[in-house]
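Understanding the architecture of this molecule
Now for the letters of each chain:
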Protein chains: 2
Amino acid sequence: MMKNNNYCVIMSGGIGSRFWPFSKESKPKQFLDFFGTGRSLLQQTFDRFNPLIPKENIYIATNGLYADLVKEQLPELNDSQILLEPTRRNTAPCIAYAAYHIRSICPEANMVVTPADHLILQEHHFLKNIHVGLNFVQQSPSLLTLGVKPNRPETGYGYIQTGDGEKGYIQKVKAFTEKPNLELAKIFFECGDFFWNSGIFLWNVNTIIEAFKCYLPDIYTRFNRGLDKYNTPEEKAFIEEEYPLCQNISIDYGIMEKADNVFMLIADFGWSDLGTWGSLHDLAEKDEFRNSSLKCKTLFIESKDNLVTLDNGKLAVIQGMEDYIIVESNNVLLICKKSEEQRIKQFVANVNIKYGTEYL
Amino acid sequence: MMKNNNYCVIMSGGIGSRFWPFSKESKPKQFLDFFGTGRSLLQQTFDRFNPLIPKENIYIATNGLYADLVKEQLPELNDSQILLEPTRRNTAPCIAYAAYHIRSICPEANMVVTPADHLILQEHHFLKNIHVGLNFVQQSPSLLTLGVKPNRPETGYGYIQTGDGEKGYIQKVKAFTEKPNLELAKIFFECGDFFWNSGIFLWNVNTIIEAFKCYLPDIYTRFNRGLDKYNTPEEKAFIEEEYPLCQNISIDYGIMEKADNVFMLIADFGWSDLGTWGSLHDLAEKDEFRNSSLKCKTLFIESKDNLVTLDNGKLAVIQGMEDYIIVESNNVLLICKKSEEQRIKQFVANVNIKYGTEYL
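It should be emphasised that the depicted structure is a prediction, and the values quoted were computed from it without experimental measurement. (Residues numbered from 1 in each chain as written. Chains lettered and ligands numbered in written order. Predicted model: local features only at pLDDT ≥ 70, side-chain atom pairs only at ≥ 80, totals over all residues. Heavy atoms only, no water.)

**A look at the overall build of chain A**
Looking only at helices and strands, chain A features 11 helices and 17 strands. In summary, chain A has a C-alpha radius of gyration of 21 Å against a globular reference of 21 Å for 360 residues, a match within 12%. Residue burial in chain A is summarised as follows: out of 360 residues, 56% are buried. When contacts within chain A are restricted to residue pairs at least 6 apart in sequence, long-range pairs at least 24 apart make up 66% of them. Roughly 14600 Å² of accessible area belongs to chain A as shown, and the carbon and sulfur atoms make up 50% of that amount. Within chain A, one finds 37 positive and 45 negative side-chain charges whose respective centroids are separated by 1 Å. (Helix = DSSP H or I, 4+ residues; strand = E, 2+ residues; numbered from the N terminus. Rg over C-alpha atoms; globule rule 2.2 N^0.38 Å. Buried < 20%, exposed > 50% of the residue type's maximum accessible area, 1.4 Å probe, protein only. Contact = heavy atoms within 4.5 Å. Areas by Shrake-Rupley, 256 points an atom, 1.4 Å probe, with all protein chains shown as cover. Lys, Arg positive; Asp, Glu negative; His and termini not counted. Charge placed at Lys NZ, Arg CZ, Asp CG, Glu CD.)

This is the structure in structure tokens:
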């Protein structure tokens, strides 16, 4: 009985331009097989939930541009399980749409919302966490988020602060914080009350819709107008009209930071948002000189701390390089100091100016 | 009349392992289109002689491994114009074979011997030099070499020293020298009597065969035994038997350094043996930071003195690199400090140990 009430929404509309040229706007990182396992990050996310949530209850929210890629990568889904965002409006409108759609099918649904492009290790722990979380939100009108215990003073993630002296597996959230500077990140790391915000949320559809009513009433009002249209042939036209008019706002900023019924479950699994080449390098297997190569063969000579990824089966011979990202994909070779990787977006813009869109 | 007596032998059997992974043993550098012009170095060499020497008088000496490549790249030649060396025995046996073969067809032939893999600029000067040289060796029983006036104290070339105070366009050679160290190269460069040894030779077939008789009598005797076989169906079997028994020796060391009838014509054209990536970088077009890219598009950021070549049409975005060779070809990416390029052979050996011959 409980099982049929559980739904999952995989948010898969991001562009992931930080991983250019490996990712491109026409094929963002969630659709790529980063580690050469044969499954893309989206497919891995689907595979991870499938033991707990029946495949007919798994929805993909994505941009119209990527509908064909989703169908190609997840042929086991029906077209009706792909929720198309007509325009990019950040996570809050996307989640509101998914909640209204799912509620029209299952009025008591519990839903997990997850990004498509994160890396999760120790999947059995993950499944246990999700199972516990779904039980919690079924019984409690709460907004639940998964928090990851930090293992370093990371400045690339948002943090969740839990209440003073909270000890349990599920704790009341005191505050969400933006990405901290290094000084602050060190304090967070040492304090013990701060957790990485994984961006994985669980709640009952009625709880989240109630939260939209309180904290994002404009979005609530818009989606409420379509109550008779969800899960009907009219839904598409309704969404195409209303969605672009929604406020562009994240669920974190619009609801999670403001609501007072927010709880956090401490995640037991290994997690990375794979947001940067640096984070990928942290996770990847490395040789004794901290060089790592993904999907390709390598010979490193007088080189250390490099991350190399070429198209499958290629060989890289790297001499005299330290702390570089070396990526070859889609007819583009990028070589860039790891410390400069936040400028990749700017490089892409310059390539556009110099050579047009051929390589983007 | 004179024209019909002129022959050219393009030596095209080298391996060129210094340009790995761009060149491979299965396709050495003379068969590659280094500059993206649409013609390989061998084809360019053929094209360069063709205005002066009729195509039926142009011979290619190469290894059996490369016979098909030669036929593919120079379909205008008959099979009989490809002289196959059964084994590698350096230039002296190769030149002896060519001289005997050509003399059997034209007893008074003058021949130019040239490497297939050098770069020649200002081709009209080149043709004028060759024309003058052929006239000279027709009239004089001399061995003529083309010497290039140095424009820098290059340590990668052998030098030719001419006689004291020699002033003419064609000068008597005093000595050949091996590749000098930098100190000596500077002295050679400043002195004015030293010229780069281009490896392009001109002589009458009878003059060179006479020189073999004097200075390499063993090779002379072997090839003399086949006098009734050249240019007959028996030539192939004869060469396959005798050639491997020849001494492995260069024409420079075996004859040019020892003979006393050696002259040098001062070349007017731009020349490089394209022996190293560095020499290619010297010649290639460069941007204001001395970066050059061959056959590919590039965006250099905070980078200087790099040489980049990828497969046709690819894009390289290079940030924070100085003085590197970056080559992608044949499923291999090589990144190597320019100062370390002489170690490429060693890298190839290590690739062989680690991954076998797949990438060689």
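**Observations concerning the relation of the copies chain A and chain B**
Superposing chain A onto chain B takes a rotation of 180 degrees combined with a translation of 0.1 Å along the rotation axis, leaving an RMSD of 0.1 Å. What the rotation and shift describe, once combined, is the action of a two-fold rotation axis. Mapped onto chain B, 100% of the interface residues of chain A again fall at the interface, so both copies present the same surface. (Least-squares fit on C-alpha atoms with pLDDT ≥ 70 in both.)

**Comments concerning the pattern of salt bridges**
Using the criterion set out here, one finds 36 salt bridges over all chains in the structure. The closest approach of N and O atoms between B:K297 and A:E358, which form a salt bridge, is 3.6 Å. Of this pair, B:K297 sits in strand β13 (residues 297-301) while A:E358 sits in the segment after α11 (344-355), placing the two residues on different chains. Taking the relative accessible area as the measure of exposure, B:K297 reaches 30% and is therefore partly exposed. (Salt bridge = Lys/Arg side-chain N within 4 Å of Asp/Glu carboxyl O.)

**Structural notes on the packing of aromatic side chains**
One pass over the full model with this rule turns up 46 aromatic pairs over all chains. Between A:F49 and A:F126 the ring centres are 5.2 Å apart and the planes differ by 80 degrees, which places this aromatic pair in the edge-to-face class. Here the residue A:F49 occupies a position in helix α1 (residues 41-49), and A:F126 occupies one in helix α4 (residues 123-139), the gap between them amounting to 77 residues. Exposure class is identical for A:F49 and A:F126. Each is buried. Ring geometry for B:Y97 and B:Y243: centres 6.4 Å apart, planes at 70 degrees, overall edge-to-face. (Phe/Tyr/Trp six-rings, centres within 6.5 Å; stacked < 30°, edge-to-face > 60°.)

**A short note on the interface of chain A and chain B**
Facing the 35 residues of chain A at the interface are 35 residues of chain B. Interface area for chain A against chain B, summed over the two sides, is near 3000 Å², with a carbon-plus-sulfur share of 59%. The largest per-residue losses of area from chain A upon contact with chain B belong to A:L315, A:Q319 and A:L333, which jointly make up 21% of the total buried on that side. Where chain A packs against chain B, one counts six salt bridges. Between B:E302 and A:R343 there is a salt bridge; the shortest N-O distance is 2.7 Å. Along the contact surface separating chain A from chain B lie 24 residue pairs in polar contact (both at pLDDT 80 or more). (Buried area = accessible area lost by both parts, 1.4 Å probe. Polar contact = N/O pair within 3.5 Å; in protein donor to acceptor, adjacent residues only side chain to side chain.)

**Side note on the sheet that holds β13(B)**
Strand order in the open sheet formed by six strands is β12(A)-β14(A)-β16(A)-β17(A)-β15(B)-β13(B), with mixed pairing between adjacent strands. At either end of the open sheet lies a strand with only one pairing partner, and these are β12 (292-294) of chain A together with β13 of chain B. On average, each strand axis in the sheet is inclined to that of its neighbour by 10 degrees, with strand direction left out of account. Bridge count for strand β17 (residues 332-337) of chain A against strand β15 (residues 315-319) of chain B is four bridges, and the pairing is parallel. Across the sheet, the residue bridging to A:L333 is B:A316, located in β15(B). (Pairing = 2+ DSSP bridges. Axes fitted to C-alpha atoms, helices over the stretch in contact; angles between N-to-C directions.)

**Concerning the pairing of strand β15 (residues 315-319) of chain A**
Within β15(A), five of the five residues are buried, leaving the element largely enclosed by the surrounding structure. On β15(A), burial covers both faces: A:L315, A:V317 and A:Q319 on one face and A:A316 and A:I318 on the other are all buried.

**Quick notes on the pairing of strand β8 (residues 170-177) of chain A**
Each regular strand carries side chains that alternate between the two faces of the sheet. Two strands pair when backbone bridges link them, and strand β7 (residues 159-162) of chain A and β8(A) are joined in this way by four bridges, in the antiparallel orientation. Bridge pairing links A:T162 to A:V173 in β8(A).

**A short note on the packing of helix α3 (residues 91-105) of chain A against helix α6 (residues 205-215) of chain A**
Helix packing for two helices is described by the angle between their axes and how far apart those axes are. All names here are of chain A. At their nearest, the axes of α3 and α6 sit 10 Å apart, and the two run at 135 degrees to each other. Viewed along their axes, α3 and α6 adopt a mutual orientation that is oblique. Regarding α3 and α6, the two cross each other, and that crossing is left-handed. Facing α3, whose interface residues are A92, I95, A96, A99, Y100, I102 and R103, α6 presents V205, N206, I208, I209 and F212. Its residues placed into classes, the contact of α3 with α6 shows 10 nonpolar, one polar and one charged. (Parallel < 35°, antiparallel > 145°, perpendicular 65-115°, else oblique. Left-handed = near helix turned anticlockwise from the far one by under 90°. Nonpolar A, V, L, I, M, F, W, Y, C, P; charged D, E, K, R; others polar.)

**Description of the sheet that holds strand β14 (residues 307-309) of chain B**
An order of β13(A)-β15(A)-β17(B)-β16(B)-β14(B)-β12(B) is seen for the six strands of this open sheet, with the pairing classed as mixed. What marks the edges here is a single partner per strand, and that holds for β13 (297-301) of chain A together with β12 (292-294) of chain B. Averaged over all pairs of adjacent strands, the angle between their axes in this sheet comes to 10 degrees, without regard to strand direction. In this structure, β12(B) lies alongside β14(B), joined through three bridges in parallel fashion. Within β14(B), the residue paired with B:S293 across the bridge is B:V308. Helix α11 (residues 344-355) of chain B contacts β13 and β15 of chain A together with β17 (332-337) of chain B of the sheet and is inclined by roughly 135 degrees relative to β13(A).

**Looking at the side chain of A:E235**
Residue and element names in this part refer to chain A. Along the chain, the position of E235 falls in helix α8 (residues 235-242). Buried E235, no salt bridge; nearest opposite-charge side chain is K236, N-O distance 10 Å. Setting aside anything within four residues of it in sequence, one finds E235 in contact with L83, Y97, H101, K229 and Y230.

**Digging into the confidence of the model for chain A**
Close inspection of predicted coordinates is inappropriate for parts of the model with low pLDDT. The share of residues in chain A with pLDDT of 70 or more is 99%, and the mean pLDDT across the chain is 93. In the predicted assembly, ipTM is 0.79 and pTM is 0.80. (pLDDT = per-residue confidence, 0-100.)

**Describing helix α7 (residues 217-224) of chain B**
Residue and element names in this part refer to chain B. Along α7, the positions that sit buried rather than exposed are I219, Y220, R222 and F223. Along the axis of α7, the buried positions cluster into a sector of 165 degrees, meaning they face one direction only. As for α7, its buried residues are in contact with α3 (91-105), α6 (205-215) and α8 (235-242). (Arc of directions from axis to C-beta.)

**Topic: unusual backbone geometry**
With an omega of 5 degrees, the peptide bond running from A:W20 to A:P21 counts as cis. With respect to the element layout, A:P21 can be found in the loop between β1 (6-11) and α1. A positive phi angle, near 65 degrees, is found at A:D305, a position not held by glycine. A relative accessible area of 15% means that A:D305 is categorised as buried. In this structure, B:N90 is a non-glycine residue whose phi angle is positive, near 65 degrees. If you trace the backbone, B:N90 turns up in the loop between β3 (82-85) and α3. B:N90 sits in the partly exposed class, given a relative accessible area of 40%.

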